[in-house]
Amino acid sequence: IGKSTPRKRVPTDEEIERLLGFFSTPKRKGAANEITAMPDMIAFALASSRRIGEICRIRWSDIDWENKDEQGSRAPMYLVRDMKDPKKKLGNHKRFPLFQELEQIIARQSRRDGEDRIFPYRAKSVSAKYTRAKRVLGIVGLRFHDNRRESITRWLKKFTPHQVRHYVSGHASIRG
């Protein structure tokens, strides 16, 4: 198996707005397989650089609301279970700061009885909904994962590459 071809595609601001608008438009009542949190999942991906599967695995119990930073200030953290890694498939859990924007997105989610996941959807279902929306909107060559690249690009305007790698993306090295 060889290396994959690196992607350079990122969503434009207009594409993001169109996708958010598409998912925010009320659908017909009783629509099958409705994923009502799609706008928030896209926003979460853009703010956190998380992959679809990682977003779908985050649990309410994975959030440490009481965490404090070195100065003793409130600094909530969230755990991402089984982050993608070429050598370690399971047990690669990492903690990340729960930035204010992420906290607001999570606060909008309703808890479901017997369900600990914040976004209780299958990653494949989310991907299929995203693909369908792109087709309807005529957006070509964009993948949900491209939101990760856009997120990292945005964070690189605020932090150093080392800080982005450590606090946001979870990459093992700056190169990827």
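Residues numbered from 1 in each chain as written. Predicted model: local features only at pLDDT ≥ 70, side-chain atom pairs only at ≥ 80, totals over all residues. Heavy atoms only, no water.

## Examining the pattern of salt bridges
Point 1. In the structure shown here, the tally under the stated rule is 10 salt bridges.
Point 2. One salt bridge in this structure joins Arg50 and Glu54, with 2.9 Å as the shortest N-O distance.
Point 3. Taking the relative accessible area as the measure of exposure, Arg50 reaches 1% and is therefore buried.
Point 4. Judged by relative accessible area, Glu54 falls into the buried class, the value being 2%. (Salt bridge = Lys/Arg side-chain N within 4 Å of Asp/Glu carboxyl O. Buried < 20%, exposed > 50% of the residue type's maximum accessible area, 1.4 Å probe, protein only.)

## Description of helix H4 (residues 100-107)
Point 1. Those residues of H4 that sit buried are Leu102, Glu103, Ile105 and Ile106. Down the axis of H4, the buried side of the element spans an arc of 160 degrees, and every buried residue falls inside it. Opposite the buried face of H4, by more than 90 degrees, sit the exposed residues Gln100 and Ala107.
Point 2. Looking at the buried side of H4, the elements it contacts are helix H2 (38-48), strand E1 (63-64), strand E2 (77-80) and strand E3 (94-97). (Helix = DSSP H or I, 4+ residues; strand = E, 2+ residues; numbered from the N terminus. Arc of directions from axis to C-beta. Contact = heavy atoms within 4.5 Å.)

## Observations concerning the environment of Leu20
Point 1. By the element assignment, Leu20 lies in helix H1 (residues 13-24).
Point 2. Along the sequence, Leu20 and Asp40 sit 20 residues apart, while their C-alpha atoms lie 8.7 Å from each other.
Point 3. When residues no more than four places from it in sequence are discounted, the contact partners of Leu20 are Pro39 and Ile42.

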